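Chain by chain, the residues run as shown.
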Amino acid sequence: MTETADEGETADEGTHRGRRALVTGAGQRMGRAIALELARGGAEVVVNDLDRERAGAVADEIAKAGGRATVSVFDVTDWASVEEAARTGGPVDIIVNNAGNAGRTSGPAATDFTPFIETTPGDWDAFLGVNLYGVMHTVRAFLPGMVDRSWGRVVTIISDAARVGEQRMAAYSAAKAGAAGFSRAIAREAGRHGVTANCVSLGTIAYDDSEMPGDVQARLLARYAVKRFGRAEEVAALVAFLTGPEGGWITGQTYPVNGGYSSAL
Ligand SMILES: NC(=O)c1ccc[n+]([C@@H]2O[C@H](COP(=O)([O-])OP(=O)(O)OC[C@H]3O[C@@H](n4cnc5c(N)ncnc54)[C@H](O)[C@@H]3O)[C@@H](O)[C@H]2O)c1
């Protein structure tokens, strides 16, 4: 089901003018920042989240700033819901696969994760469902519309856990790495139709409500070249570039935004 929040004038200037962008998991934090940035560039943003209230609040925020937003509540792990959203909500030009989980509900602290050999296959579903199948469902449902119109941009938010491998986060690492491999394959399939597909790989991001004990923070930061955590706006700026007009010849890549936690060659 979709609802529209449209209080202000549509931005008539900007890199994303005339584009319609779906951002999954856009009800808070990273997804919210990306949705606001694309709206600022003139895109009409389809704000997806599981949580209607959160998605509505972000759509209202966009509308108050003079942008255009539509709320689309669906669970990316549920193919039928994603397919219905694509069928009833209309086509999009841009997909940002942001919905994801690392097994935590608040804050970037990751101290209580379970070693892989203590997990069972049933424990892995929650990670593979959102971070891999969620991406595949969304692309499968919305890519045909892009192919029909010979233009599209797909950006998938992954994690350096996928690139480096992170202990006690094996299922999450596997799911995010799977999403990156999937994205590269889609880049090859869809490039001839004017559609690009890339990943943005994050290190630890700090949000206004992030809470992390000082010793955990110091331990994590020891691995970063730039001695602070990332800001959502820094990621959103790259997503805006990749999904904008100048991103047309960049495809099949993974770009880290990670304060030097790891390097891409
Ligand atoms: N926060 C970090 O430090 C960090 C680091 C590396 C990668 N990432 C990745 O960045 C992305 C955003 O992270 P975040 O910190 O903003 O996450 P978050 O948990 O704060 O927000 C995720 C949003 O997605 C929604 N969501 C969750 N499952 C969903 C589903 N099945 N369908 C639709 N919506 C769903 C949630 O309701 C929530 O609003 C994720 O893909 C995450 O894996 C985050």
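Residues numbered from 1 in each chain as written. Predicted model: local features only at pLDDT ≥ 70, side-chain atom pairs only at ≥ 80, totals over all residues. Heavy atoms only, no water.

Attention now goes to the packing of aromatic side chains. For the coordinates displayed, the defined rule picks out three aromatic pairs. Where Tyr-224 meets Tyr-261, the ring centres are 4.9 Å apart and the plane angle is 40°; that geometry is what we call tilted. Separated by 37 residues along the polypeptide, Tyr-224 in the loop between α7 (214-221) and α8 (232-243) and Tyr-261 in the segment after β8 (254-257) bring together distant segments of the chain. What makes Tyr-224 buried here is its relative accessible area of 4%. Judged by relative accessible area, Tyr-261 falls into the buried class, the value being 13%. In textbook terms, an aromatic cluster arises when at least three aromatic residues are bridged by ring pairs, as seen for Tyr-224, Phe-229 and Tyr-261. Residue placement shows Arg-19 over the ring face of Trp-151; its charged tip is 3.5 Å from the ring centre. (Phe/Tyr/Trp six-rings, centres within 6.5 Å; stacked < 30°, edge-to-face > 60°. Helix = DSSP H or I, 4+ residues; strand = E, 2+ residues; numbered from the N terminus. Buried < 20%, exposed > 50% of the residue type's maximum accessible area, 1.4 Å probe, protein only. Lys NZ or Arg CZ within 6 Å of the ring centre and 35° of its normal.)

Surrounding the ligand, one finds 25 residues, the nearest of these being Arg-29, Asp-49, Arg-54, Asn-98 and Tyr-172. With respect to the ligand, the backbone of Val-76 contributes an N or O atom lying 3.0 Å from a nitrogen atom. Elements supplying a minimum of two residues to the shell around the ligand: α1 (29-40), β3 (44-49), β6 (152-159) and α6 (170-190). Sort the elements by how many residues they give to the shell around the ligand and β6 lands first, with three residues. (Near = heavy atom within 4 Å. Polar contact = N/O pair within 3.5 Å; in protein donor to acceptor, adjacent residues only side chain to side chain.)

With that settled, consider the packing of helix α4 (residues 121-149) against α6. At a closest axis distance of 7 Å, the pairing of α4 and α6 adopts a crossing angle of 15°. Accordingly, the angle class assigned to the pair α4 and α6 is roughly parallel. Judged by the sense of rotation from one axis to the other, the crossing of α4 with α6 is right-handed. For the pair α4 and α6, the contacting residues are Trp-124, Phe-127, Leu-128, Asn-131, Leu-132, Val-135, Met-136, Val-139 and Leu-143 in the first and Ala-171, Tyr-172, Ala-175, Lys-176, Gly-178, Ala-179, Phe-182, Ile-186 and Ala-190 in the second. For the contact of α4 with α6, the class distribution of residues is 15 nonpolar, two polar and one charged. (Axes fitted to C-alpha atoms, helices over the stretch in contact; angles between N-to-C directions. Parallel < 35°, antiparallel > 145°, perpendicular 65-115°, else oblique. Left-handed = near helix turned anticlockwise from the far one by under 90°. Contact = heavy atoms within 4.5 Å. Nonpolar A, V, L, I, M, F, W, Y, C, P; charged D, E, K, R; others polar.)

This part takes up the confidence of the model for the chain. Within the chain, residue pLDDT values average 92, and 91% of them lie at 70 or more. Long-range and interchain partners of residues 6-11, a stretch whose pLDDT sits below 50, account for 15 contacts in this model, where long-range means more than four residues apart. Low pLDDT, under 50, characterises residues 105-111; the predicted model gives this stretch 13 contacts beyond four residues in sequence or across chains. (pLDDT = per-residue confidence, 0-100.)

One pass over the structure, following the stated rule, counts eleven salt bridges. The salt bridge partner of Glu-44 is Arg-68, with a shortest N-O separation of 3.8 Å. Linking Glu-44 in strand β3 with Arg-68 in strand β4 (residues 68-73), this pair joins segments that are 24 residues apart in sequence. Among the residues examined, Glu-44 registers a relative accessible area of 14% and is labelled buried. Between Arg-87 and Glu-83 there is a salt bridge, and its shortest N-O distance comes to 3.4 Å. Taken together, the positions of Arg-87 and Glu-83, both in helix α3 (residues 79-89) and four residues apart, correspond to about one turn of that helix. (Salt bridge = Lys/Arg side-chain N within 4 Å of Asp/Glu carboxyl O.)

With that out of the way, let us pick up unusual backbone geometry. The backbone of Ser-150 shows a phi angle near 55°, a positive value even though the residue is not glycine. Here Ser-150 is to be found in the loop between α4 and β6. You will see that Arg-168, though not glycine, has its phi angle at about 65°, which is positive. Following the sequence through the fold, Arg-168 ends up in the loop between α5 (160-164) and α6. According to the relative accessible area criterion, Arg-168 is partly exposed, its value standing at 44%.

This brings us to the nonpolar core. The biggest cluster of nonpolar side chains holds 34 residues, and the ones touching the most others in it are Ile-34, Leu-38, Val-45, Val-47, Ile-157, Val-200 and Val-235. Once residues lying within four places of it in the same chain are set aside, the contact partners of Leu-38 are His-16, Ala-21, Val-23, Ala-43, Val-45, Val-96, Ala-240 and Thr-243. Membership of the second largest hydrophobic core comes to 31 residues, among which are Phe-74, Val-92, Val-130 and Ala-190. (Core = buried A, V, L, I, M, F, W, Y, C linked by side-chain atoms within 4.5 Å.)

Moving on, we get to the environment of Phe-116. Relative to the elements of secondary structure, Phe-116 occurs in the loop between β5 (94-97) and α4. Residues Phe-116 and Gly-67, 49 residues apart in the sequence, show an inter-C-alpha distance of 45 Å. Once residues within four sequence positions are removed from consideration, Phe-116 is found in contact with Trp-124 and Ala-170.

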